[in-house]
Amino acid sequence: MPRPSDPSPTPPAQRHPVLRLLITLAWVVPAGPVLTLVLYPFWSWWEATTGWESVGHSGPADWCYLATWAVLLAVACLVPLVARRRAG
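As the structure is a prediction and not an experimental result, all values here were calculated from the model. (Residues numbered from 1 in each chain as written. Predicted model: local features only at pLDDT ≥ 70, side-chain atom pairs only at ≥ 80, totals over all residues. Heavy atoms only, no water.)

Chemist: What is the right way to read the packing of aromatic side chains from this model?
Modeler: Two measures describe an aromatic ring pair: the distance that separates the ring centres and the angle between the ring planes. Evaluated as defined, the whole model comprises seven aromatic pairs. With centroids separated by 5.4 Å and ring planes inclined at 80°, the aromatic side chains of Trp 43 and Trp 63 adopt a geometry described as edge-to-face. Here Trp 43 is found in helix 3 (residues 40–50), whereas its partner Trp 63 is found in helix 4 (residues 62–87), with 20 residues between them in sequence. Trp 43 gets classed as buried once you look at its relative accessible area, which sits at 5%. An angle of 70° between the planes, with centres 5.7 Å apart, marks the rings of Trp 46 and Trp 52 as edge-to-face. Take Trp 46: its relative accessible area is 24%, and that puts it in the partly exposed class. Put simply, the rings of Phe 42, Trp 43, Trp 45, Trp 46, Trp 52 and Trp 63 pair up and form one aromatic cluster. (Phe/Tyr/Trp six-rings, centres within 6.5 Å; stacked < 30°, edge-to-face > 60°. Helix = DSSP H or I, 4+ residues; strand = E, 2+ residues; numbered from the N terminus. Buried < 20%, exposed > 50% of the residue type's maximum accessible area, 1.4 Å probe, protein only.)

This is the structure we're talking about:
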């Protein structure tokens, strides 16, 4: 039983960066295509506004998937940093 003066145990994901990376990829990889397809109206609007080829007869362009994955990875990396900074 830990004493109140003992430091709180760190979760395994914080002790092992490789484990944290694998956990992050486990949800980012499948969430990327799903979110890209959910954002289909956004990609259509983006193409109409900017003229960049974003959607075609077979769905969003490859760069749309890559952009979504990049945003998800950035969020997945920034959230723990912000949480740790706010915690102390």
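From this point, things continue past the structure.
Chemist: Honestly, the side chain of Ser 54 in this entry has me stumped. Any pointers?
Modeler: Within the fold, Ser 54 resides in the loop between helix 3 and strand 1 (55–56). Sequence-distant contacts of Ser 54, that is, excluding residues within four places in its chain, are made with Trp 43, Trp 46, Glu 47, Gly 59, Pro 60, Ala 61, Trp 63 and Cys 64. (Contact = heavy atoms within 4.5 Å.)

Chemist: Looking at this structure, how should I read the packing of helix 2 (residues 17–38) against helix 3?
Modeler: Packed helices, taken two at a time, are described by the angle their axes make and the gap between the axes. One can describe the packing of helix 2 onto helix 3 by two numbers: an axis separation of 4 Å at closest approach and a directional angle of 60°. The orientation of helix 2 relative to helix 3 falls into the category oblique. Together, Thr 36, Leu 37 and Val 38 of helix 2 and Tyr 40, Pro 41 and Trp 43 of helix 3 make up the contact between the two elements. (Axes fitted to C-alpha atoms, helices over the stretch in contact; angles between N-to-C directions. Parallel < 35°, antiparallel > 145°, perpendicular 65-115°, else oblique.)

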